[in-house]
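This is what each chain is made of:
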There are 2 protein chains.
Amino acid sequence: MILLYPNKIKKENTNIISYANRGMDLEYLINEANNYYLLNDLAVIYKKPTPIQINKVSFKTGKPEVIKGSFNQKSTLDYVGLYKGKYLDFDAKKTLNKTSFPLENIHIHQIEHIKRVIKHDGIAFLIIEICEKIYLFPGEKLIDFINNNDRKSIPYMYIEENGLLINYTYNPVLDYLKVIDKYYFKEERD
Amino acid sequence: MILLYPNKIKKENTNIISYANRGMDLEYLINEANNYYLLNDLAVIYKKPTPIQINKVSFKTGKPEVIKGSFNQKSTLDYVGLYKGKYLDFDAKKTLNKTSFPLENIHIHQIEHIKRVIKHDGIAFLIIEICEKIYLFPGEKLIDFINNNDRKSIPYMYIEENGLLINYTYNPVLDYLKVIDKYYFKEERD
């Protein structure tokens, strides 16, 4: 990301480097934003717990503990929430690929879930980290791409053109509701 | 439950007995309804996974398995979903108490969650099983009761008057969206 400061000095990737240095990853930034939204009463958005099939529970320590559990395949997306009366459902995906986003990152039942959410008038999207930028990629654009392409990955240019770049801000760093306001609610927030 | 049939024969608790005999409980009935809604493309509603803190994972069998996990306290409700563009969030509660519903069944952070959902224009409610009947009890009525009472339980009569009785049907047995249609959307569904 190139930031042009008032004095015309180009600064490359400043806050990306800074958050990477602080050990923050995409999930961290989304959780941070969700906490901010909750504390400031802007939205109720949370990460769904990892689905674990509980196979054996022990009560040795006095309180129940899982001593055998297996990871179930996820059939939905990672995050769910409520914003301005609308249902939100989304997943965070990062690719190290520089030229495209491999579709193998998304399971077929997740695509089915996105289609259903859109059909029932909810908001479904991906937050994609690619080339050190973070985009909100609307579910509609994803379904469009899949329906009209045989490719196994989405070219970076398609994401640039159809996704919404999330600019980093101070607090929260990843204020993704700003682009949701613009795209889904056609309004700006201060 | 007393059903008055056209021939004036009283039948008591027929389908309650029948579903109890088949080992169905409240959670089973809600899951069955949610599957029905999903298959018939009426809504997207699912149970949130139980939040488990993963403390230790083993890879002995080739795939990851939880060998130490603890149960985290739930901060939200059990079910979440999308229906006609609206966000739904609810919990299922059963009491064996015949005269009232003890409020200790609901955690304080769950009440906070219900308040938030209502504030952000979502639909929050409880499905309460009491005296062999099942009621949808709107979050607004719950908050009203808590704000205006010092009692530690909600009298059954209050639930009868302010809740929405869910009549049993053939498929799904617990078609709770019908009362949601009436109460929240002011419409009837065939």
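A brief look at the structure comes next. (Residues numbered from 1 in each chain as written. Chains lettered and ligands numbered in written order. Predicted model: local features only at pLDDT ≥ 70, side-chain atom pairs only at ≥ 80, totals over all residues. Heavy atoms only, no water.)

## A closer look at the interface of chain A and chain B
With 35 residues of chain A at the contact, the number on the chain B side is 35 residues. Counting each side, the surface lost to burial between chain A and chain B is near 3,100 Å², with a carbon and sulfur contribution of 64%. The tally of links between chain A and chain B comes to 4 salt bridges. Asp41 of chain A is paired through a salt bridge with Lys119 of chain B; the nearest N and O atoms lie 2.4 Å apart. Residue assignment for the side of chain A that touches chain B shows that the elements contributing at least two residues are strand S3 (44-47), strand S4 (52-58), strand S5 (65-71), strand S6 (79-83), strand S7 (86-94) and helix H3 (108-119) of chain A. If you tally residues by element for the side of chain A that touches chain B, the top one is S5 of chain A, at 6 residues. (Contact = heavy atoms within 4.5 Å. Buried area = accessible area lost by both parts, 1.4 Å probe. Salt bridge = Lys/Arg side-chain N within 4 Å of Asp/Glu carboxyl O. Helix = DSSP H or I, 4+ residues; strand = E, 2+ residues; numbered from the N terminus.)

## Quick look at the pairing of S6 of chain A
Residues and elements named next belong to chain A. Extensive coverage of S6 is indicated by the burial of 5 of its 5 residues. What you see with S6 is no split at all: Tyr79, Gly81 and Tyr83 on one side and Val80 and Leu82 on the other are buried throughout. As defined by bridge partners, S6 adjoins S7 across 5 bridges and the pair is classed as antiparallel. Among the inter-strand pairings, Val80 is bridged to a residue of S7, identified as Asp89. In textbook terms, the turn of a hairpin is the stretch between consecutive antiparallel strands, and for S6 and S7 this stretch comprises 2 residues, one of which, Lys84, has a positive phi near 50°. (Buried < 20%, exposed > 50% of the residue type's maximum accessible area, 1.4 Å probe, protein only. Pairing = 2+ DSSP bridges.)

## Comments concerning helix H6 (residues 177-184) of chain A
Looking at H6 of chain A, one finds that the buried residues are Leu177, Val179, Ile180, Asp181 and Tyr184 of chain A. Lys186 of chain A lies just past H6 of chain A and shows a positive phi near 50°.

## Points about the side chain of Asn34 of chain A
Summarising the element assignment, Asn34 of chain A is placed in helix H2 (residues 26-39). Those residues in contact with Asn34 of chain A, other than ones at most four positions away along the chain, are Ile45, Tyr46, Tyr79 and Tyr176 of chain A.

## Observations concerning the pattern of salt bridges
All names here are of chain A. Applying the stated rule across the entire model yields 14 salt bridges over all chains. In this structure, the salt-bridge partner of Lys115 is Glu112, at a minimum N-O distance of 3.7 Å. Here Lys115 pairs with Glu112, and both are found in helix H3, just 3 residues apart, close to one helical turn.

## Describing the packing of aromatic side chains
Considering all chains together, one arrives at 23 aromatic pairs over all chains under this definition. An angle of 80° between the planes, with centres 6.1 Å apart, marks the rings of Tyr135 of chain A and Tyr156 of chain A as edge-to-face. A residue pair is termed long-range when its members are at least 10 positions apart, and Tyr135 of chain A in strand S10 (residues 133-138) and Tyr156 of chain A in helix H5 (residues 156-162) qualify at 21 residues. For Tyr156 of chain A, a relative accessible area of 14% translates into the label buried. Through a chain of ring-to-ring contacts, three or more aromatic side chains come together here, namely Tyr36, Tyr37, Tyr79, Phe90, Phe125 and Tyr176 of chain A. Sitting above the plane of the Phe185 of chain A ring, Lys84 of chain A keeps its charged end 5.0 Å from the centroid. Against the face of Tyr183 of chain B rests Lys186 of chain B, its NZ or CZ located 5.3 Å from the ring centre. (Phe/Tyr/Trp six-rings, centres within 6.5 Å; stacked < 30°, edge-to-face > 60°. Lys NZ or Arg CZ within 6 Å of the ring centre and 35° of its normal.)

## Examining the relation of the copies chain A and chain B
With an RMSD of 0.0 Å, the operation that places chain A on chain B is a rotation of 180° combined with a shift of 0.0 Å along the axis. Taken together, the turn and the small shift mark the pair as related by a two-fold rotation axis. (Least-squares fit on C-alpha atoms with pLDDT ≥ 70 in both.)

## Observations concerning the sheet that holds strand S3 (residues 44-47) of chain B
Residue and element names in this part refer to chain B. As summarised here, the arrangement of the 6 strands in space is S3-S6-S7-S9-S10-S12, forming an open sheet in which the pairing is mixed. Each edge of the open sheet carries a strand with a single partner, namely S3 and strand S12 (164-165). Seen against the sheet, helix H2 (residues 26-39) touches S3, strand S6 (79-83), strand S7 (86-94), strand S9 (123-130) and strand S10 (133-138) and runs at an angle of roughly 150° to S3. Against the sheet, helix H3 (residues 108-119) touches S7 and S9, its axis set at about 155° to S7. (Axes fitted to C-alpha atoms, helices over the stretch in contact; angles between N-to-C directions.)

## Examining the nonpolar core
Formed by 49 residues in total, the largest nonpolar core has its most connected members in Phe137, Leu142, Ile154 and Ile159 of chain A together with Leu142, Ile154 and Ile159 of chain B. Beyond its immediate sequence surroundings of up to four residues, Phe137 of chain A is in contact with Phe125, Leu126, Ile128, Leu142, Ile154, Tyr158, Ile159, Asn162 and Gly163 of chain A. By size, the runner-up hydrophobic cluster in this structure holds 27 residues, among which are Tyr37, Ala43, Tyr83 and Ile123 of chain A. (Core = buried A, V, L, I, M, F, W, Y, C linked by side-chain atoms within 4.5 Å.)

## Points about the sheet that holds strand S9 (residues 123-130) of chain A
Residue and element names in this part refer to chain A. The sheet built from 6 strands is open, its strands ordered S3-S6-S7-S9-S10-S12 with mixed pairing. Each having just a single partner strand, S3 and strand S12 (164-165) make up the two edges of the open sheet. Relative to S9, S7 runs parallel, the two being bridged by 7 bridges. Residue pairing across strands places Asp91 opposite Leu126, the latter belonging to S9. Lying on the sheet, helix H4 (residues 139-148) is in contact with S9 and S10; it crosses S10 at an angle near 75°.

## Here's the deal with a nonpolar patch on the surface
Residue and element names in this part refer to chain A. On the surface, Ile54, Val57 and Phe59 cluster together to form a nonpolar patch covering roughly 250 Å² of accessible area. Its place among the elements puts Phe59 in the loop between S4 and S5. We classify Phe59 as exposed; its relative accessible area is 55%. (Patch = residues over 30% accessible without salt bridge, like charges linked within 9 Å, V, L, I, M, F, W, Y side chains within 5 Å. Areas by Shrake-Rupley, 256 points an atom, 1.4 Å probe, with all protein chains shown as cover.)

## Description of unusual backbone geometry
Pro172 of chain A follows Asn171 of chain A through a cis peptide bond whose omega is 0°. Along the polypeptide, Pro172 of chain A turns up in the loop between S12 and H6. Even without glycine at this site, Cys131 of chain B takes up a positive phi of about 50°. Looking at where Cys131 of chain B falls in the secondary structure, it is placed in the loop between S9 and S10.

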